[in-house]
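Residues per chain, in single letters:
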Amino acid sequence: MTDISIQKRLAAEVMKCGIKRVWIADRTDALEKVEDAVTRDDIKELIAMNVIQKKQKKGVSRGRARAMAEQKRKGKRRGHGSRKGRTKARSPKKRAWINTIRPIREELRTLREEGKMDRTAYRKYYMRAKGGMFRSRAHLRSHLISDGVTREE
């Protein structure tokens, strides 16, 4: 087989791509035409005849990424080995505090509105809740019962 590297280089320049992306038909008659091609016009004619073609660029498949995203939607791939950042970075402390304080304050509000607690006791327990004294509604209720503010129903 003869050397057609010059024709490949010319074709790459004409098609505005790299030499690796130049494809030349490996038929004997086509190879003879390529060997005879010396000018850019000759190369352009061969490109028009599809004797010389530009290979498609190789891309990165998103198939694996889609499969992984699907698993993550199901809640998989969240074990210790997949985690980066501390626990508080993944679910902030503030969110945990909001989830704790809102039900406690709601409980205090309902007790005050139902008349089971007076304003001074409400304010006292509200401030204790704000200080982080109670873990949950149940914890608040147990304190209220043990202090004699309300009784069990």
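In what follows, the structure referred to is the one given above.
Residues numbered from 1 in each chain as written. Predicted model: local features only at pLDDT ≥ 70, side-chain atom pairs only at ≥ 80, totals over all residues. Heavy atoms only, no water.

Inspection of the secondary structure puts Q7 in helix α1 (residues 5-15). Judged by its relative accessible area of 8%, Q7 falls in the buried class. The spacing of Q7 and T39 is 32 residues in sequence and 8.6 Å in space, taken between C-alpha atoms. Contacts of Q7, omitting those with residues within four sequence positions, involve V34, E35, A37 and I43. (Helix = DSSP H or I, 4+ residues; strand = E, 2+ residues; numbered from the N terminus. Buried < 20%, exposed > 50% of the residue type's maximum accessible area, 1.4 Å probe, protein only. Contact = heavy atoms within 4.5 Å.)

Turning our attention to the side chain of E107. Examined against the element boundaries, E107 turns out to sit in helix α6 (residues 93-113). Owing to a relative accessible area of 11%, E107 belongs among the buried residues under this scheme. Within the local environment of E107, its side chain forms a polar contact with the side chain of R141, the two groups lying 3.2 Å apart. Residues contacting E107, with those up to four places away along its chain left out, are R137, L140 and R141. (Polar contact = N/O pair within 3.5 Å; in protein donor to acceptor, adjacent residues only side chain to side chain.)

Before going further, it helps to spend a moment on the environment of P103. When you line up the elements, P103 lands in helix α6. Its relative accessible area of 25% is what places P103 among the partly exposed residues. The spatial distance from the C-alpha of P103 to the C-alpha of R137 is 6.5 Å, given a sequence separation of 34 residues. Setting aside chain neighbours within four positions, we find P103 in contact with I98 and R137.

What characterises a pair of aromatic rings is the spacing of the ring centres plus the angle enclosed by the ring planes. Overall, the coordinates contain two aromatic pairs when judged by the stated rule. On the numbers, 5.7 Å between centres and 40° between planes, the contact of Y122 with Y126 is tilted. Taken together, the residues Y122 and Y126, both in helix α7 (residues 119-130) and four residues apart, mark about one turn of the helix. Accessibility assignment for this pair places Y122 and Y126 in one class, buried. Where Y125 meets F134, the ring centres are 6.2 Å apart and the plane angle is 25°; that geometry is what we call stacked. With respect to class, Y125 is no different from F134; both count as buried. Here R112 stacks its cationic end above the ring of Y122, 4.1 Å away from the centre of that ring. The side chain of R123 reaches across the aromatic face of Y126, ending 4.9 Å from its centre. (Phe/Tyr/Trp six-rings, centres within 6.5 Å; stacked < 30°, edge-to-face > 60°. Lys NZ or Arg CZ within 6 Å of the ring centre and 35° of its normal.)

Time to look at the packing of α6 against α7. With their axes 10 Å apart at the nearest point, α6 and α7 run at an angle of 175° to one another. Judged by the angle between their axes, α6 and α7 are roughly antiparallel. Where α6 abuts α7, its residues W97, I101, I104, R105, L108, R109 and R112 lie against Y122, Y125, Y126, A129 and K130. Across the contact of α6 with α7, the residue classes tally to eight nonpolar, no polar and four charged. (Axes fitted to C-alpha atoms, helices over the stretch in contact; angles between N-to-C directions. Parallel < 35°, antiparallel > 145°, perpendicular 65-115°, else oblique. Nonpolar A, V, L, I, M, F, W, Y, C, P; charged D, E, K, R; others polar.)

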